[in-house]
Amino acid sequence: MSANHDDHHHAPDGHGRALRLGIGGPVGSGKTALVAALCRSLGPSLRLGVVTNDIYTTEDADFLRRAGVIDAERILAVQTGCCPHTAIRDDIAANIDAVETLEERFGPLDLVIVESGGDNLTATFSRGLADRQIFVLDVSGGDKVPRKGGPGVTTADLLVVNKTDLAPMVGADLTVMSRDAAKVRDGKPVLFTSIREDKGAHSVAEWVVGIVDAWHHEHAHSV
């Protein structure tokens with residue numbers, strides 16, 4: 001966590017519960033598309049739940065339900081009524097309630113995905129809410145975005161750069177983005193993808209399977 005974004009919540013005990021994966025990023029970067037892709041790829045083998053965050057609507061949850069990527073009952077919507085980062089970092093109670101509701105109704109689960117509302121490069125999840133975090137950028141903002149840093153870019157467990165198919169159209173150099181992302185992330189993983197072309201986001205799904213397997217190994221007596 002950045003020194004400017006102190007986390008005041010403690011990570012809960014992992015025994016007896018699912019891994020909680022936070023997905024954040026700017027508006028339009030492809031967060032909901034990534035959630036849908038992960039549900040498509042992982043749904044057949046993992047027991048999933050999803051929590052979405054929107055300020056005033058349930059639009060993202062409604063999209064996922066219409067897409068039929070997992071059972072509609074396993075998707076809960078949180079209407080934050082505030083800046084997205086507040087609900088995932090500062091006042092996490094509504095999201096915790098939604099996660100725990102899913103686990104009570106459908107548990108034991110392997111993975112609960114919590115999608116943040118669209119935010120800026122500073123957005124990070126409290127470790128009291130998410131055990132692991134993915135931050136999603138897209139190339140439409142130009143190849144300079146990764147080097148701007150920000151806690152979302154630099155501290156997430158995985159950085160995903162989406163919409164690589166648009167790079168030639170917006171003049172974004174993926175080599176530059178890869179170089180700059182590696183520099184600011186100090187060795188933490190970065191994956192480039194086009195969810196429009198890869199509906200299952202398979203490289204990201206493979207990474208998620210790895211962290212879920214590691215979680216279950218670490219908490220061998222939890223499920």
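Residues numbered from 1 in each chain as written. Predicted model: local features only at pLDDT ≥ 70, side-chain atom pairs only at ≥ 80, totals over all residues. Heavy atoms only, no water.

Within an unreviewed UniProt entry, the label attached to the protein chain reads Urease accessory protein UreG, and the organism entered is Acrocarpospora phusangensis. Under the UniProt heading Function (unreviewed entry), the note attached to the protein chain is "Facilitates the functional incorporation of the urease nickel metallocenter. This process requires GTP hydrolysis, probably effectuated by UreG." UniProt annotates the protein chain under Subcellular location (unreviewed entry) with the comment "Cytoplasm". (UniProt positions renumbered as here; feature names shortened; annotations may be inferred.)

Colleague: Quick question: what am I supposed to make of the sheet that holds strand E2 (residues 48–54) here?
Modeller: The strand order across the open sheet built from 7 strands is E3-E2-E4-E1-E5-E6-E7, with neighbouring strands paired in parallel fashion. Of all strands in the sheet, those bounded by a partner on one side alone are strand E3 (75–79) and strand E7 (190–192). Neighbour-to-neighbour, the strand axes of this sheet turn through a mean angle of 20°, independent of strand direction. Where strand E5 (residues 132–138) and strand E6 (residues 158–162) come together, 5 bridges link them in parallel fashion. In the strand pairing of E6, phenylalanine 135 is matched with leucine 159. In the packing of helix H1 (residues 31–42) onto the sheet, contacts are made with strand E1 (19–24), E2, strand E4 (111–115) and E5, and the angle to E4 comes to roughly 165°. Against the sheet, helix H4 (residues 93–106) touches E1, E2, E3 and E4, its axis set at about 165° to E3. (Pairing = 2+ DSSP bridges. Helix = DSSP H or I, 4+ residues; strand = E, 2+ residues; numbered from the N terminus. Axes fitted to C-alpha atoms, helices over the stretch in contact; angles between N-to-C directions. Contact = heavy atoms within 4.5 Å.)

Colleague: I would appreciate a short explanation of empty space enclosed by the protein in the present structure.
Modeller: Any space left empty among the atoms is revealed by the rolling of a water-sized probe across them. One pass over the full model with this rule turns up 1 cavity of 30 Å³ or more. The computed volume of the largest cavity comes to approximately 40 Å³. Looking at the largest cavity, the residues that line it are Gly24, Ala123, Thr124, Phe125, Gln133, Ile134, Phe135, Pro151, Gly152, Thr155 and Ala156. Mapped onto the lining of the largest cavity, the elements with two or more residues apiece are E5 and helix H6 (151–155). Within the lining of the largest cavity, the residues separate by chemical class into 6 nonpolar, 5 polar and no charged. (1 Å grid on protein atoms, 1.4 Å probe; cavity = no way out; pocket = protein on both sides within 12 Å on 5 of 7 lines; lining within 4 Å. Points joined across faces, edges and corners; volume = space filled by probe spheres on them. Nonpolar A, V, L, I, M, F, W, Y, C, P; charged D, E, K, R; others polar.)

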